[in-house]
Amino acid sequence: MIKNVIFDIGNVLVDVLFKEHAAKCTDDPDLQMRLLKATAMSDVWDKLDKGAESEEEVIKQFIALDPEIEDIKKDVF
């Protein structure tokens, strides 16, 4: 009997294009990299991916990684 089914969607069933998404948010390459480092390229992203933290908590942690770009991170997420 099947007890659990786990779906891994990101970069398994569909391509997740983080760099392309960041480029849609700003034309500034340096800001794009800061955005990626403070979100999808951070260890915090792993917590979100595993479901270990709530979205609200993860957003707070993303903001803490680079508070100067809080507004753009909120818009992106």
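About the criteria used
- Position numbers for residues count from 1 along each chain, tracking the sequence in the order it is written.
- In keeping with the predicted nature of the model, local features appear solely for residues at pLDDT of at least 70, side-chain atom pairs appear and are counted solely at 80 or more, and the whole-chain, interface and lining totals rest on all residues.
- The basis for every side-chain value is the complete set of heavy atoms in the structure, and neither hydrogens nor water enter the calculation.
- Angular values range over 0 to 180 degrees, each being the angle between N-to-C directions of two axes fitted as lines to C-alpha atoms, with helices fitted over their stretch in contact.
- Strands here are runs of E lasting at least two residues and helices are runs of H or I lasting at least four, both read from the DSSP assignment and numbered beginning at the N terminus.
- Each angle gets one of four labels, with under 35 degrees taken as roughly parallel, over 145 as roughly antiparallel, 65 to 115 as roughly perpendicular, and the rest as oblique.
- In this scheme the handedness of a crossing depends on how the near helix is turned from the far one: anticlockwise by less than a right angle means left-handed, clockwise means right-handed.
- The contact criterion used is simple: two residues touch if any of their non-hydrogen atoms lie within 4.5 Å.
- Following the grouping adopted for this structure description, the nonpolar residues are Ala, Val, Leu, Ile, Met, Phe, Trp, Tyr, Cys and Pro, the charged ones are Asp, Glu, Lys and Arg, and the polar ones are all others, Gly among them.
- Both site types are read off a 1 Å grid over the protein atoms alone. A 1.4 Å probe that fits but cannot get out defines a cavity, while an open set with protein on both sides within 12 Å along at least five of seven lines defines a pocket; lining residues have an atom within 4 Å of a point.
- Grid points are joined across faces, edges and corners, and a volume is the space filled by probe spheres set on the points.
- What makes a salt bridge here is a side-chain nitrogen of Lys or Arg within 4 Å of a carboxyl oxygen of Asp or Glu, nothing more.
- Residue exposure (1.4 Å probe, protein chains only): buried if accessible area is under 20% of the type maximum, exposed if over 50%, otherwise partly exposed.

1. Here's the deal with the packing of helix H1 (residues 18-25) against helix H2 (residues 29-37)
Step number 1: Two elements in contact, H1 and H2, have axes separated by 9 Å at closest approach and are oriented at 130°. Here H1 is positioned oblique relative to H2, judged by the angle of their axes. In this structure, H1 crosses over H2, and the sense of that crossing is right-handed. Across from Phe18, Lys19, Ala22, Ala23 and Cys25 in H1, the residues of H2 making contact are Gln32, Leu35 and Leu36.
Step number 2: For the contact of H1 with H2, the class distribution of residues is six nonpolar, one polar and one charged.

2. Examining empty space enclosed by the protein
Step number 1: For the structure shown, the criterion picks out one cavity of 30 Å³ or more.
Step number 2: Its volume calculated, the largest cavity comes out at about 40 Å³.
Step number 3: Lining the largest cavity, in full, are Thr39, Ile59, Phe62, Ile63, Lys73, Lys74 and Phe77.
Step number 4: Those elements giving two or more residues to the lining of the largest cavity turn out to be helix H4 (55-65) and helix H5 (70-76).
Step number 5: Among the elements that line the lining of the largest cavity, the one with the most residues is H4, at three residues.

3. Focus on the pattern of salt bridges
Step number 1: Applying the stated rule across the entire model yields three salt bridges.
Step number 2: Across the salt bridge formed by arginine 34 and glutamate 68, the nearest N and O atoms sit 3.3 Å from each other. Highlighted residues: arginine 34 in helix H2 and glutamate 68 in the loop between H4 and H5, separated in sequence by 34 residues.
Step number 3: Residue arginine 34 is classed as partly exposed on the basis of its relative accessible area, which comes to 30%.
Step number 4: Judged by relative accessible area, glutamate 68 falls into the exposed class, the value being 70%.
Step number 5: A salt bridge links lysine 60 to glutamate 56; the shortest N-O distance between them is 3.9 Å. Of this pair, lysine 60 and glutamate 56 are both found in helix H4, four residues apart, which corresponds to roughly one turn of the helix.
Step number 6: Look at glutamate 56 and you get exposed, because its relative accessible area is 58%.
Step number 7: Taken together, the salt bridges that share partners define one network made up of Arg34, Asp66 and Glu68.

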